[in-house]
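A look at the structure
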Amino acid sequence: MATRGMSQCSWTCAAMAEEGALKGSELTLDANEAHRLAIAALRSRGVRADVARDVADSLVGAEIAGKPTHGLHLLPGYLADLDAGKLDRSAVVSVDEHGFHAVVHGSRVPGAHVASTALSLASRVARRTGFATVAMPDIAHCGRLGGYVEAIAAGDQIAMMTVGSLNSDDGFVSPFGGRGRRLDTNPIAFAFPAVRGPVVIDLATSAVTYNHVRLCAANNVPLDAGTACDASGRPTTVASEVLDGGWALPLAGAQGFALALIAPLLAALAEGSESGTLTGAYAVVLDVATQTDPAEYRARVQSSLDRLTKFEQHSGAVRIPGQDRSTRIALGAELMYALKTEAGVVA
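Overview of the structure.

Rules of the game
- Residues numbered from 1 in each chain as written.
- Predicted model: local features only at pLDDT ≥ 70, side-chain atom pairs only at ≥ 80, totals over all residues.
- Heavy atoms only, no water.
- Helix = DSSP H or I, 4+ residues; strand = E, 2+ residues; numbered from the N terminus.
- Buried < 20%, exposed > 50% of the residue type's maximum accessible area, 1.4 Å probe, protein only.
- Contact = heavy atoms within 4.5 Å.
- Areas by Shrake-Rupley, 256 points an atom, 1.4 Å probe, with all protein chains shown as cover.
- Phe/Tyr/Trp six-rings, centres within 6.5 Å; stacked < 30°, edge-to-face > 60°.
- Pairing = 2+ DSSP bridges.
- Axes fitted to C-alpha atoms, helices over the stretch in contact; angles between N-to-C directions.
- Patch = residues over 30% accessible without salt bridge, like charges linked within 9 Å, V, L, I, M, F, W, Y side chains within 5 Å.
- Salt bridge = Lys/Arg side-chain N within 4 Å of Asp/Glu carboxyl O.

**Observations concerning the overall build of the protein**
- Tallying secondary structure elements over the protein gives eleven helices and eleven strands in all.
- For the protein, buried positions account for 50% of its 347 residues.
- When contacts within the protein are restricted to residue pairs at least 6 apart in sequence, long-range pairs at least 24 apart make up 68% of them.
- Accessible surface for the protein amounts to roughly 15200 Å². Of this, 53% is attributable to carbon and sulfur atoms.

**Here's the deal with the packing of aromatic side chains**
- Scanning the model with the defined rule gives three aromatic pairs in all.
- Geometrically, the ring pair formed by F172 and Y210 is edge-to-face, given 5.1 Å between the ring centres and 90° between the ring planes. One end of the pair, F172, is in the loop between strand 5 (157-166) and strand 6 (188-192); the other, Y210, is in helix 6 (residues 210-219), with 38 residues separating them in the sequence. Exposure class is identical for F172 and Y210. Each is buried.
- A ring pair is formed by F190 and F192, whose centres lie 6.3 Å apart and whose planes are at 10°; its orientation type is stacked.

**Examining the sheet that holds strand 10 (residues 278-287)**
- Read from one edge of the open sheet, seven strands run 2-3-4-10-5-6-7, paired in mixed fashion. In this open sheet, the two edge strands, each paired with only one partner strand, are strand 2 (94-98) and strand 7 (199-203). Ignoring strand direction, the axes of neighbouring strands in this sheet form an average angle of 10°.
- Where strand 6 meets strand 7, five bridges bridge the pair, whose relative direction is antiparallel. Counted as the bridge partner of A189 is D202 from strand 7.
- Along the sheet face, helix 4 (residues 111-129) touches strand 2, strand 3 (101-105), strand 4 (131-136), strand 5 and strand 10 and points at about 160° away from the line of strand 4.

**Here's the deal with unusual backbone geometry**
- Positive phi values are uncommon outside glycine, yet N220 reaches one of about 55°.
- One can find N220 in the loop between helix 6 and strand 8 (228-229).
- For N220, a relative accessible area of 72% translates into the label exposed.
- Residues other than glycine seldom take positive phi values, yet A252 does so here, at roughly 55°.
- Of note, A252 is situated in the loop between strand 9 (247-248) and helix 8 (254-260).

**Quick notes on a nonpolar patch on the surface**
- Together, F190, I201, L203, L251, L259 and I262 make up an exposed nonpolar region whose accessible area comes to about 400 Å².
- For L203, the position within the fold is in strand 7.

**Structural notes on the side chain of H70**
- Checked against the element boundaries, H70 lands in the loop between helix 2 (49-64) and helix 3 (75-84).
- You can call H70 buried: its relative accessible area is 18%.
- Setting aside its immediate chain neighbours within four residues, H70 contacts S58, L59, A62, G143, R144 and N211.

This is how it looks when you write it as C-alpha cells:
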C-alpha cells in the first residue's frame, strides 16, 4: 500500500517541482497529451483500458493539482511492478456489499483502479441512502487522494478518504515522542462542492512525504529543517540520510501524530493482524441532496470562500485549495523523453 513498496523509479526527475522546491530544465506538455501517453505506456504492458485510464487520471491529476510528487514520475515504478509481477495486469477487484457499506479488495490491482472503483461505488450507494462507506484493506499504492474525492464532489457529494498504516514494514514516519518508522505518511483528503469547482483538502500527516524526500535526494535539494531525522535520530536536512534508515517527523508534532492515527484506526474496521499491524484505505461519501438543495449549498460555500479571499492580504493572495489549476504540465526533458518512449511515440 505504501509508496515505499513500489519499485524504485528509473527515470531522473530534474524538473519535478513541489511548491517551487525542485527546479530544472523544463518542457511543457498539455495535460490531455500526458494522459494519452500514460495510458499508452500502461497498455503496452497489457493493462486493461479501464485500469490504465484510472492510473493515468491519478498521475496527470496530481500534476495538474501542483503535486508532481504523486505525478508522472511514479509511472516507471508502476511499470516495473507490472514487469516484476508485483502488480497483476489481469487481476480484477472484488466487492462485498453490506447495505450502505462495502469492502473492495484488489491487492495486486493498481491502487488507482481500486480507489476509483471504491469511491464510484460509494457514490452510487450514497445517491440511494444519503451516506456510504467503503473499505479498501489491501489496496496497492494509489497516489494522490485528492483526485478521488474531487471527482465525487463534482457530483454534488461530500467525500473523505484516508489511507495509511501503523506498525507495518513499509512505515516511514515516527510517532510523536518516539523514533523509527512506525507509521506511513497517512494522508487525509476531503472534497466539498462549490460554485467554482470542488474545494479539495488533501494533506499528509507527516512533515514531509517519502516521494518528496526521494526527489530531493535525486536532485541534491535540502529538506526543510525540522521535518526529518537520520538513522541515529539526529535532525537532518539531507534527503539521502533520511532514505538510508532515517524517518520523517509527524506534521506539527502531536497534532500530526493524532491525525495520522485516523487512517489505520478506520482501516481496522475491515481487518487487522495479531502482530498489531493496521493498514488500508477508507472512504465516506455524503449526498448533499439528502440534506439540502445542492445548488444552494454550492452557493453558500462559494459565497463564504469569496468573502474570505477579499479580506486584507498579508502575503500574496489567499488561495482556496482545489480551485486553482493549470492544464499545462512541466516535466524534465529526460522524463518527457522516457514517457514518450514507453508510450511508443519515440523509437
